[in-house]
Every structure is written in structure tokens, then in C-alpha cells.
Amino acid sequence: MKLPVYLSLLHTSEGTLAASLRQVSEGHGHEPDVHFICQILAAQCDVHQEALAPMLERFGEPGDDEPERLHVDGLSTTRSGPIGLLRDLQDLYLLASLVDITWAMIKQAAQGLRDAELLSIVTDCDGETAIQLRWLQTRMKQAAPQALILAG
Amino acid sequence: MVDRIAEIWGTRTPYARDELWPTRVDQVLAEGVDESDVERWVQSACVLCSNGCGIDIAVKDGTMVGVRGRSLDIVNHGRLGPKGLFASWQGVSNEDRLTVPLVRENGVLVESDWETAMQRIVTRSRNLLDDKGPLSHGFYTSGQLFLEEYYAQAIVAKAGIGTPHMDGNTRLCTATAAAAMKESFGSDGQPGSYVDIDECDAMFLFGHNMAESQTVLWMRVLDRIAGPDKPRIVCVDPRFTEVARQAEVHLPVRPGTNLALMHGLVRELFINGWIDQEYIDQHTMNVEQLRATVEPWTPEAVAETCGVEADDVRRAAEIFGTSERVLSTVLQGFYQSSQATASSCAVNNLHLLRGLLGKPGCGILQMNGQPTAQNNRECGADGDLSGFRNWENPEHVQQLVDLWNVDASIIPHWAPPTHAMQIFRYVEQGSIEFLWISATNPAVSMPQLSRIRDILSVDSVFLVVQDLYLTETAQYADVVLPAAAWGEKTGTFTNVNRTVHLSEKAVEPPGEARSDFDTFLDYSRRMGFTRLDGTPLLDWTGPEDAFAAWKECTRGRPCDYTGITYDKLRGGSGVQWPCNEEHPDGTVRLYRDGVFPTNPGYCESYGHDLLTGAPVGPESYQAVNPAGRAIFKTAPYHPAHETPDDDYPFRYTTGRTVYHLHTRTKTGRSPQLNGAAPDAWVEISARDAEAYEVAEGDIVRVESRRGHLTAPVRVSGIRDGSIFAPFHYGYWDEGGVPGGNYRAANELTITEWDPVSKQPILKNAAVRITKIADGTAASPAPTTTASRPVSTAGRGRGVLPTVGGPAAQAKETIAPVAPAMVVAEEEHS
Ligand code: SF4
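The rules behind the values
- Residues numbered from 1 in each chain as written.
- Chains lettered and ligands numbered in written order.
- Predicted model: local features only at pLDDT ≥ 70, side-chain atom pairs only at ≥ 80, totals over all residues.
- Heavy atoms only, no water.
- Helix = DSSP H or I, 4+ residues; strand = E, 2+ residues; numbered from the N terminus.
- Rg over C-alpha atoms; globule rule 2.2 N^0.38 Å.
- Contact = heavy atoms within 4.5 Å.
- UniProt positions renumbered as here; feature names shortened; annotations may be inferred.
- Buried area = accessible area lost by both parts, 1.4 Å probe.
- Salt bridge = Lys/Arg side-chain N within 4 Å of Asp/Glu carboxyl O.
- Pairing = 2+ DSSP bridges.
- Expected span 1.5 Å × (residues − 1).
- Buried < 20%, exposed > 50% of the residue type's maximum accessible area, 1.4 Å probe, protein only.
- Arc of directions from axis to C-beta.
- Near = heavy atom within 4 Å.
- Nonpolar A, V, L, I, M, F, W, Y, C, P; charged D, E, K, R; others polar.
- Core = buried A, V, L, I, M, F, W, Y, C linked by side-chain atoms within 4.5 Å.
- Domains from an automatic or database assignment.
- Polar contact = N/O pair within 3.5 Å; in protein donor to acceptor, adjacent residues only side chain to side chain.
- Axes fitted to C-alpha atoms, helices over the stretch in contact; angles between N-to-C directions.
- Patch = residues over 30% accessible without salt bridge, like charges linked within 9 Å, V, L, I, M, F, W, Y side chains within 5 Å.
- Areas by Shrake-Rupley, 256 points an atom, 1.4 Å probe, with all protein chains shown as cover.
- Phe/Tyr/Trp six-rings, centres within 6.5 Å; stacked < 30°, edge-to-face > 60°.
- Lys NZ or Arg CZ within 6 Å of the ring centre and 35° of its normal.
- Left-handed = near helix turned anticlockwise from the far one by under 90°.
- Parallel < 35°, antiparallel > 145°, perpendicular 65-115°, else oblique.

Per an unreviewed UniProt entry, chain B carries the name Anaerobic selenocysteine-containing dehydrogenase and comes from Salinibacterium xinjiangense.

The name an unreviewed UniProt entry gives chain A is Ferritin-like metal-binding protein YciE, with Salinibacterium xinjiangense as the organism.

Right, let's get into the overall build of chain B. On a plain count of helices and strands, chain B comes out with 28 helices and 29 strands. Over its C-alpha atoms chain B spans a radius of gyration of 25 Å, differing by no more than 12% from the 28 Å that the globule rule assigns to 829 residues. Summarising its shape, the C-alpha atoms of chain B cover approximately 70 × 65 × 60 Å along the three principal directions. Counting contacts in chain B only where the partners sit at least 6 residues apart, residues at least 24 apart contribute 76% of the total.

So, on to the UniProt feature "domain: 4Fe-4S Mo/W bis-MGD-type" (unreviewed entry) in chain B. Here, UniProt's "domain: 4Fe-4S Mo/W bis-MGD-type" (unreviewed entry) annotation points to residues 39–95 of chain B. Regarding residues 39–95 of chain B, the helix share stands at 9% and the strand share at 35%, and the terminal C-alpha atoms are separated by 22 Å.

Moving on: the interface of chain B and chain A. Between chain B and chain A, the contact holds 28 residues from the first and 22 residues from the second. Overall, the association of chain B and chain A removes approximately 2,200 Å² of surface from exposure, summing both partners, and the carbon and sulfur fraction of that is 64%. Where chain B touches chain A, the interface holds 1 salt bridge. In this structure, the salt-bridge partner of Arg425(B) is Glu31(A), at a minimum N-O distance of 2.7 Å.

Moving on: the sheet that holds strand β21 (residues 575–576) of chain B. Pairing between sheet strands relies on hydrogen bonds along the backbone, with the strands arranged either parallel or antiparallel. All names here are of chain B. Ordered by their spatial adjacency, 3 strands build an open sheet running β19-β20-β21, and the pairing between neighbours is antiparallel. Every interior strand has two partners, whereas the edge strands, β19 (491–494) and β21, have only one. As paired elements, strand β20 (residues 499–503) and β21 share 2 bridges and run antiparallel to each other. Residue pairing in the sheet places Thr499 in a bridge with Gln576 of β21.

Residue and element names in this part refer to chain B. The terminal C-alpha atoms of helix α23 (residues 543–554) lie 16 Å apart, and with 12 residues this matches the ideal 16 Å at 1.5 Å per residue to within 8%. Within the span of α23, buried status applies to Ala546, Phe547, Trp550, Lys551, Cys553 and Thr554. The buried residues of α23 occupy an angular sector of 155° when projected down its axis, which confines them to one face. The inward-facing, buried residues of α23 abut α3 (147–161), α17 (373–379), α18 (394–404), β19, α22 (516–527) and α24 (566–569). Positive phi shows up at Gly556, right after α23, with a value of about 80°.

Our focus in this paragraph is the site of the ligand. Residue and element names in this part refer to chain B. If you check the shell around the ligand, you find Cys46, Leu48, Cys49, Asn51, Gly52, Cys53, Leu80, Gly81, Lys83, Gly84, Thr215 and Val216 and nothing else. At the level of elements, α1 (82–86) and α8 (215–225) are the ones that each hand at least two residues to the shell around the ligand. Of the residues in the shell around the ligand, the class split is 6 nonpolar, 5 polar and 1 charged.

A few words on unusual backbone geometry. Residue and element names in this part refer to chain B. The omega torsion of the bond from Trp577 to Pro578 falls at 0°, within 30 degrees of zero and hence cis. In this fold, Pro578 is placed in the loop between β21 and α25 (618–624). Residues other than glycine seldom take positive phi values, yet Asn405 does so here, at roughly 55°. Looking at where Asn405 falls in the secondary structure, it is placed in the loop between α18 and α19 (420–429). Here Tyr591, not a glycine, exhibits a phi torsion of approximately 65°, which is positive. Checked against the element boundaries, Tyr591 lands in the loop between β21 and α25.

For the rest of this paragraph, the subject is the nonpolar core. Residues and elements named next belong to chain B. Within the largest apolar cluster, 143 residues are counted, with the highest numbers of intra-cluster contacts made by Phe185, Met203, Phe206, Leu251, Leu261, Leu265 and Leu353. With 8 residues, helix α10 (residues 258–271) is the largest single contributor of residues to this core. Leave out the neighbours within four places in its chain, and Phe206 touches Val236, Met262, Leu265, Ser328, Thr329, Val330, Leu331, Phe334, Val347 and Leu350. Counting residues in hydrophobic clusters, the runner-up holds 60 residues, among them Met118, Phe139, Phe434 and Trp577.

Next up on the list: the domain arrangement of chain B. All names here are of chain B. Along its sequence, chain B is carved into domain 1 (2–91 + 811–828), domain 2 (102–173 + 372–555), domain 3 (175–367 + 595–629) and domain 4 (650–798). A straight line from the C-alpha centre of domain 2 to that of domain 3 covers 33 Å. Counting residues at the interface gives 17 residues for domain 2, matched by 28 residues for domain 3. Here domain 2 meets domain 3 over a buried area of about 1,700 Å², counting both sides, of which 40% is carbon and sulfur. A per-residue breakdown of the area domain 2 buries against domain 3 is headed by Arg377, Phe388 and Val496, which together make up 33% of the total. For Lys182, the salt bridge identified is with Asp384, shortest N-O distance 2.7 Å. For the pair domain 2 and domain 3, the interface holds 11 residue pairs in polar contact (both at pLDDT 80 or more).

Okay, the sheet that holds strand β9 (residues 166–168) of chain B next. All names here are of chain B. The strand order β7-β6-β18-β17-β16-β8-β9 describes an open sheet built from 7 strands, whose pairing is mixed. The open sheet has two edge strands, β7 (108–111) and β9, and neither has a second partner. With direction set aside, neighbouring strand axes in the sheet form an average angle of 20°. Two strands pair when backbone bridges link them, and strand β8 (residues 137–141) and β9 are joined in this way by 3 bridges, in the parallel orientation.

Residue and element names in this part refer to chain A. Together, Tyr6, Ile101 and Met105 line one region of the surface with nonpolar side chains, adding up to about 250 Å² of accessible area. Structurally, Met105 can be placed in helix α3 (residues 81–113). Taking relative accessible area as the criterion, Met105 reaches 36% and is therefore assigned partly exposed.

What follows is about the packing of aromatic side chains. Residue and element names in this part refer to chain B. Counting across every chain of the model gives 27 aromatic pairs over all chains. Taking the centre distance of 5.1 Å and the plane angle of 75° together, the rings of Phe204 and Phe320 count as edge-to-face. Of the two residues, Phe204 sits in strand β10 (residues 202–206) while Phe320 sits in helix α14 (residues 310–322), which places them 116 residues apart along the sequence. Classification of Phe204 by relative accessible area gives buried; the value is 1%. Here the guanidinium or amino end of Arg239 rests over the ring plane of Phe724, the centre of that ring lying 3.5 Å away. When the ring centre of Tyr602 is taken as reference, the NZ or CZ atom of Arg557 above it lies at 4.6 Å.

Residues and elements named next belong to chain B. Burial analysis of strand β23 (residues 650–655) places 6 of its 6 residues in the buried class, which makes it a mostly covered element. With burial as the criterion, each face of β23 is covered, one bearing Phe650, Tyr652 and Thr654 and the other bearing Arg651, Thr653 and Gly655. By the bridge criterion, 3 bridges tie β23 to strand β28 (residues 765–773) in an arrangement that is antiparallel. Within the sheet, the bridge partner assigned to Tyr652 lies in β28 and is Ala765.

Residue and element names in this part refer to chain B. Where α10 contacts helix α12 (residues 287–294), the two axes come as close as 9 Å, and the packing angle between them is 115°. Handedness of the crossing formed by α10 with α12: left-handed. Seen from α10, the contacting residues are His263, Val266, Arg267 and Phe270; seen from α12, they are Val287, Leu290, Arg291, Thr293 and Val294. For the contact of α10 with α12, a count of residues per class yields 5 nonpolar, 2 polar and 2 charged.

Moving on to the packing of helix α2 (residues 114–132) of chain B against α22(B). Packed helix pairs are characterised by how far apart their axes lie and by the angle those axes make with each other. Residues and elements named next belong to chain B. Two numbers describe how α2 lies on α22: the axes approach to 10 Å, and their chain directions differ by 55°. Looking at the two axes, α2 sits oblique to α22. The crossing of α2 and α22 is right-handed. Across from Trp114, Glu115, Met118, Gln119, Ile121, Val122, Ser125, Arg126 and Leu129 in α2, the residues of α22 making contact are Thr519, Asp522, Tyr523, Arg526 and Met527. Grouping the constituent residues of the contact of α2 with α22 by class yields 7 nonpolar, 3 polar and 4 charged.

What follows is the structure, encoded as C-alpha cells:
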């Protein structure tokens, strides 16, 4: 069964997203909404990780043939200026999209397995991930015209 | 005659539930002017708070010489508060007024003329539009102008220039009211009405110091309290306000914890079955989500987080849950604090759970701060689309395109409108290079003032300031335009409970001052903004043309003005919108049938996630289609982002005093009001005063991570661990800039805003205090209101009671006529 591979992918991705959100929060302290909301979103990712932990235990570690390349790196630094903000948010968007689609795949598996416990974890978490994506997208849409047309 | 500085609310006229509030006509005339000297009384309404009291202006020899309340008006039944009595006319009839335009030459502002000033504005504006496009322009508007002026401004920005960078200072005062109503009910629009005070059994005031912010409304409450069947009052406020003194239950929550309290109250309704299941089933959605979110918030959990007694939470909930008719009001204690929109929506939720809406005595008043904030929101001078339209709905955008006859692509609808704090950020970053500020004073009213001063002085921005006086903000301008004031121009405006008033021109403006309306029209004409057919974008000749155009803009929208004309507003009382063929006399309260404007094709907003502000979006909204049902919106409680620690151990909150409005540009020029509250102070509790060894009048330095102020101490009834500072005091009467002595409350506040309403969080920061000198006299804080000294304070330093003396005498005439009735047939059928 390859579900553990995906559970592990999701667990790692939530951690990567949380760390990256915190990185952006720190790096863009002059944008108070980005600063504070990224912290809130990072805390949500922490909770998602915790929720997944018992599943990792129950389904076991993935085997050695784990497709490592599925893992992505988070943000190690942040950029500056309006364009930098836009690109950092876009990177977060990509990371959150990976988390989002992985939740969707886990949900498929949980339904196939008729695994109520796993399904309820998905239900608790995937809605928040969807909101994270919407927040990122709106903040980027707001920032983009100014950054792409006018910023020096 | 009554000293209306000492007796803020005047003489009581008690009445019982379901009776009409008795009339009392309040009048003040300038010294030496007799009633028989008055040549004309000119109809208007007061613009010194959001209450919108009907007022007549006394005119003699071409100047304003006094005021009296309009006996027939449904809002005030003849009464006026201290600000209306003393500042409305003296605040504008003043030798400090700007009389000619000023332009900056070699770094200093010099007197100029309109041609030069407008030419400079238009040249810079045109060059920037050609070189960099519409996003180089920003507008920071007001809550003080007239409807016609906002509509002109909104059309110029949205259809002339095409910039989304437009917001009002209403962002600081009333954005959360609008946001909470959009989230819960689908659109802005006040559900309740002032007559609900006459008819209620219980009143909840959530972060609303009504006694000081809307004095005439509070008179109505006091008269009910003095009557035979007084309503039960519950007050949520960290200070021991006048409201708290009258309350059966006072919940002095820790600043920043409102949402936890609200979760506790909502939970009690569920637990005790104080809900109307039928109403919930038929008229609402998402109740299960609400139930789950509030579940952890037992009264004990609330007590722990908010610092109030668990039993008081139970008692308050019991009053809400068991009173037949409940009226709630909400203001800055909620709007300017953490999780503002979520906390304000929780008030809506309480009422929806019991179906206490749209019925006599059962209402919600999501209050406004400023007199014309409502019109700013309606017209879209806050960036929203005019007429409560939804920027995410292409049909709504098309309606405006048709109405204004402009190219569809010009109206900014590709992203949410840019809120005030973000506009200032773009100025800071240099991408907004043309900023036009009208009738507001961000150099004192915005958070973190040292930053705001830096932004206003960046080289890249061309700053236009339009005002009555050379304010702190005007000092930074490249061009200052002198504006005509209230009483010097004609227009309409709308108060908190949707009452539209006409304000007529009584006297000529001083010198070359012009109405903001004329200035916007002039700008539009000089810029050559046109419709698709080549005619001028704004082809109006006067405000009445603008009003006619506005009526068309509101046709079929929740704020329908189509049944109102200037003539209809002349002579009698104001009229409450919606007023149209169906409601020819206006509408007392909304949602009587439990049908809400949440239909996807009709709603003003698809809503947001209240924790993060992420929009719901058209697809998700249509998928769950509320179709006329109200929506229970909520979010988990989250602690404030800045909380006390070892370095900054106090919670800091800011607010008003009854004697001033905003940055005192008008009230500070009324001798009676200025005398009552002449200078800044800070409040501290008796326990903390003892711990820090400070006494009444001692000078302290209050400091946050962003700045500090120094002021004398008033030991007041504020809750332990909190420091209060009034936000009125800036620097215009101290040389214009802080000359080493900081006294503005916003030196300390944090740059942060609510994720949904984008309202700055001015009521929560962490600070520390240091005593810097022994006092020589009592602090200048008024003794008549929340800033009154606690009895144990003073310690040898005599605090004199606040009185107005001979200059503050007003005439009160009790019951000269029968009380005004709300005309709508629904109320008295
Ligand atoms: S309550 Fe408000 S509107 Fe009425 S007189 Fe006082 S300041 Fe003016």
C-alpha cells in the first residue's frame, strides 16, 4: 500500500509550508497583514501535522522506494520590495497547492478504505487549506497591479 | 437655563415602553443675541457625530449666531448635545479658517489663488496619469462630507481616473459595522432603528460608550431608565463609563478579548435553549458551525480569558435570553479591537438565534462614528462600488457602466478596493505619487504617528489637502484647498439609522473657500473626464443634480433613495431609507419578513473567512446559495497580537471624551467645549496608581514599542492593568508639529488591522508607564463622564468639577409640541 508515502508527503509538506509561512511573516514585517496572518496560517499547519501523526503511526512508515522527488523545498530566505512580496506569496501559493492536492488524494484513499477516522481528519483540515489558498490568491491579486506596473 | 457642560444630557423627560419620546427643544444663541434678533432659522442636521440630530441654524447679519434642535425631527425630538449646541456653529464661524488656497513654494506654504492651485493639481495629475496610469493616484476621503460630494468623488475616482486606491477615514470608525452587516445579512444596511429604544425591554451596549459618543441617543435611553418600566442594561467596556454606571451587568473585559466573551454569551443561549428554532430553520444558515465554534467557551473559560466574573457572563446571557425585546448597539470598543468583524458578527448572531430582528424593540444598531460615514459607504468613497454593489459581480459592475456611460474596463473591479492603511503603504513605497486627502486629519488619527508623519513627508508624493483649517496634515501638503463648511453649502447626509437629512446653506463661506462639491466638479472638468458620448463625466450644476443622479444609482438597491427629494426633506423631519414606491414614507426597520439581501445576484458581498479575511468567492457562495437567509458567521478566538509582557506590562486603549470630536478641529474652537477638556490626560486604575506611586495630576510617560506620550494622570475607574488615553489631542494648537512634547494617543498605537473590515486596531497595544514629575494640579480630564476620578484618588490635590459657567447656559423647552412619530405606516398601523 502506498498510502503511507502520501501521508508522509503531506506531513512533510505541511511542515515545509508552516516554516515558509513563518519565514515570510518575519521577512515582511512591514506588511502587517502578511506578518500576522502568515503566523495564523502557520499555526493551522502545525495543527494539521499533529492531526496526521496518529495516521502515520497506524499506516506505518513508507518503504524505501518513496518517490523523494515529490518533496519540495520551502523558502529559505525572503525577498524584499513589492515584487519580492509578490514572489514570496506566489511561492507560498505553490507550497499550499501541493498540500491542498495531497489532502484531496488522501481523501480519495480514505473514502476508498471507508476509514472514518482518516476521513474526519481530512474534513477538519482540508477546508483550512482551501482558505489559505484563497487568502494567498487574493493578497497576490491585490498586490500584483501595483508591483508589476508601478513599483521601482 | 441649564449649564450643558455640567449637565451633558440635560433635563430628564421620563417615558414608558411604547410611549413616544417627549419633545424637548434645546437652544443656544451667541452672547448678546436675543431670539428676536435672529433673522432666519435655516434647516440642517448636526455633523458632530453619527446621530444626525435635526438642527436649525440661527442667522443674523450673514453669520451663524446659534442653533436649536428641530422639534419635529424623528431623530432628536428637539434635543441637542454639548457638541451640537456649542461646536456646530462656533466650530466653523472662526477667524482661523482657511480663506484662500495655499501652494508650496521653496518648501513653505504660501497664499495663492484657485487658478494657480487647481492648475498645479491638474498638471501633476495629468502627467502622472499619462506616464504611470491610474494606480499612481490615491484618495483618502472623509466621514464629514455630504452625500453629493462623496458621489462626485466616487465617480471621479472610479470612472474618471479608474483607481482602486480610494478609501475614507470611515475605515477608522465604521468599516467594521459595514463588514459585519455584509457578512451576516449580505449587505450593509442598519437593521434597527432609534424607536427601538422606546420599545425595548433590554439594551446591550457592546464597546459603545453611547453616553459620550452619541449624547442625544443616550438622553433617550436615560429617559427610558427614568420611566416606569426601565430597560435592563448590559455594558461591555473596560472603563467605568456612564453606561456602566447605569448597567445591571457591567462586563469590563480585558481589551482585545471581545470575541471570547461573545462566544460565551452565544454558548449560553444554546445551552439554555434560549433560541428560536423555527426562525433559525427558516431564516438562517450555518448554525451548526456556530455551535461547534462556541462549544469550549464556558462562563469559566470566558472569565479566565476576559478577566470578568463567570456569573456576570451568565447573568448577561440570561438577560439576553429571556427578555422579550432586546436592542443591541455596537461601536469602537468592538470595531477598533482584535477580531473586530468576528466579534461584531457575534452580536448579529445573538439576535438571529432568538429571531430578535425586524420587530419593535428588537434591533441591532451597528453604529457609525462620524456624521456622514453612512454616505461614504453608500456612495463608495470607501472604495466599494456605489449603491452597495458587489465588485465581484460582473452584472453589478455593468450597472455602473450603464449608469455612468463609460468604458467597462475603467471601473476597478479586478481586486478588492485598496484600504486606507494599504494606500498609505503604497505612498510610503513611492508607487502612489498623487494623494488627495479631503476633510480628515491622518497626521493625528491614524496609528503609529511617527510613521504617518514620515509617509506624509516623502518626496515622491504630491499631496493635496482640502480642509477648513490648516490641520496637522495640511502642514505637509503641496496644495491646500480651503473648503466651505457645514452651514455654508447645501447637501444631504444620512445618520446611523438610515435617516436622510437635508442641510441647507445658511451663510456664505469665508473668503474664497469653496464647497468640496464644487472643487471635485472643477477637477473633473479640468481633467477633461468624459462619458462615452463625449459629454462631461460630471455635468451637474449643483448638489440637487447630483442627488437626482444618486437616486438612479440606488434604484432597486437596499439603500433605495428613489422616493426622496429635497422638497420632501424640507420643513419636517428626515426620512429613513429605503424610500421608494413601495415605502413612500421610508422604512423604520429592515428584515421584518426575515428575508435578507443574501441572494447571490443581489448581495453586496460574498463574504469572507472571518479569521483570515480570505474571500468566499462567487463559486463557493453560489454553491451554498443563502437565497435570502442570514448567515451565522464566526471564527475561533485568537489572542491579540500584542499582549502585555515584562517590558510593556499594561494594555493600552484609546477613546473619546464627550466634549470633543476627532482631532478637535471644530470642538477645540468652541470655548465651552475646549474649557471642559482643554488638554490630554491618561487614565490608570487606583490599584495600579498605588503600585506605581503616582497620584492625580502627576506627569507620566506612557510608552509602546512605537512611540511615547507624556500627560498628567487621572486615577479613574478603568480596569486594573489598562491605560486609557483620549485620541483628540494633536498639535495644531501647539505649533502644528510635536515639538518634543508628544501628546497624541496614536503615537503609541500599532499598525495592524482587522483581516475582514481592514479597520485599524486602535484599542489594543502593550505599554509601560514611568512617572516623570510630581503634579502641581489636578489633570484636565473631565469629571462628568468615564474620566471622573475614583473617590479614593485625588489625594490632597483637589479635582474641581467640570462646569461650563455662564457661557454654557442653554435654553430647554420641554414638550412645546407633541412628539414626532416615525411616519412609516408599518410602525403605527
Ligand atoms: S448627539 Fe451628535 S448629532 Fe446630536 S447634537 Fe450631539 S454631536 Fe450633534
